[in-house]
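Fold and contact review
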Amino acid sequence: MTAPISEELLNILRCPVAVQNEGDDPGRLRLVKDCWLVSDESGYKYPIRDGIPVMLPEVGKRYKDVPDDELPVPPPDED
């Protein structure tokens, strides 16, 4: 199975909210359920739809309080 996004892209992308924090590398994201990018710093969760990460803060905030194991797969097409 092919990864939903490349490892290279995952290493480049940052949470637009957490990247404003100070530190060595703020805003790093981790891949969850092969279709979500999660920022441990901000708690924001960004869906990957059709291979495209939806990195809008208003979308990430919507899923902030959803536990990782309860994130819907595939992400809903709302926004």
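Now for a description of the structure that goes with this document. (Residues numbered from 1 in each chain as written. Predicted model: local features only at pLDDT ≥ 70, side-chain atom pairs only at ≥ 80, totals over all residues. Heavy atoms only, no water.)

1. Regarding the sheet that holds strand β4 (residues 52-53)
Here we have four strands laid out as an open sheet, ordered β1-β2-β3-β4, and antiparallel in their pairing. This sheet does not close on itself; its edge strands, each paired only once, are β1 (30-32) and β4. Looking at chain direction, β1 and strand β2 (residues 36-38) are connected through three bridges and run antiparallel. The residue bridging L31 from the neighbouring strand is L37, located in β2. (Pairing = 2+ DSSP bridges. Helix = DSSP H or I, 4+ residues; strand = E, 2+ residues; numbered from the N terminus.)

2. What about the side chain of R14?
Following the sequence through the fold, R14 ends up in the loop between α1 (7-12) and β1. Here N11 takes part through its backbone oxygen, which lies 2.9 Å from a polar atom of the side chain of R14. Here the side chain of R14 touches D25 through a polar contact of 2.9 Å, side chain to side chain. If we skip the residues at most four places from it in the chain, R14 touches V19, D25, P26, G27, R28, L29 and M55. (Polar contact = N/O pair within 3.5 Å; in protein donor to acceptor, adjacent residues only side chain to side chain. Contact = heavy atoms within 4.5 Å.)

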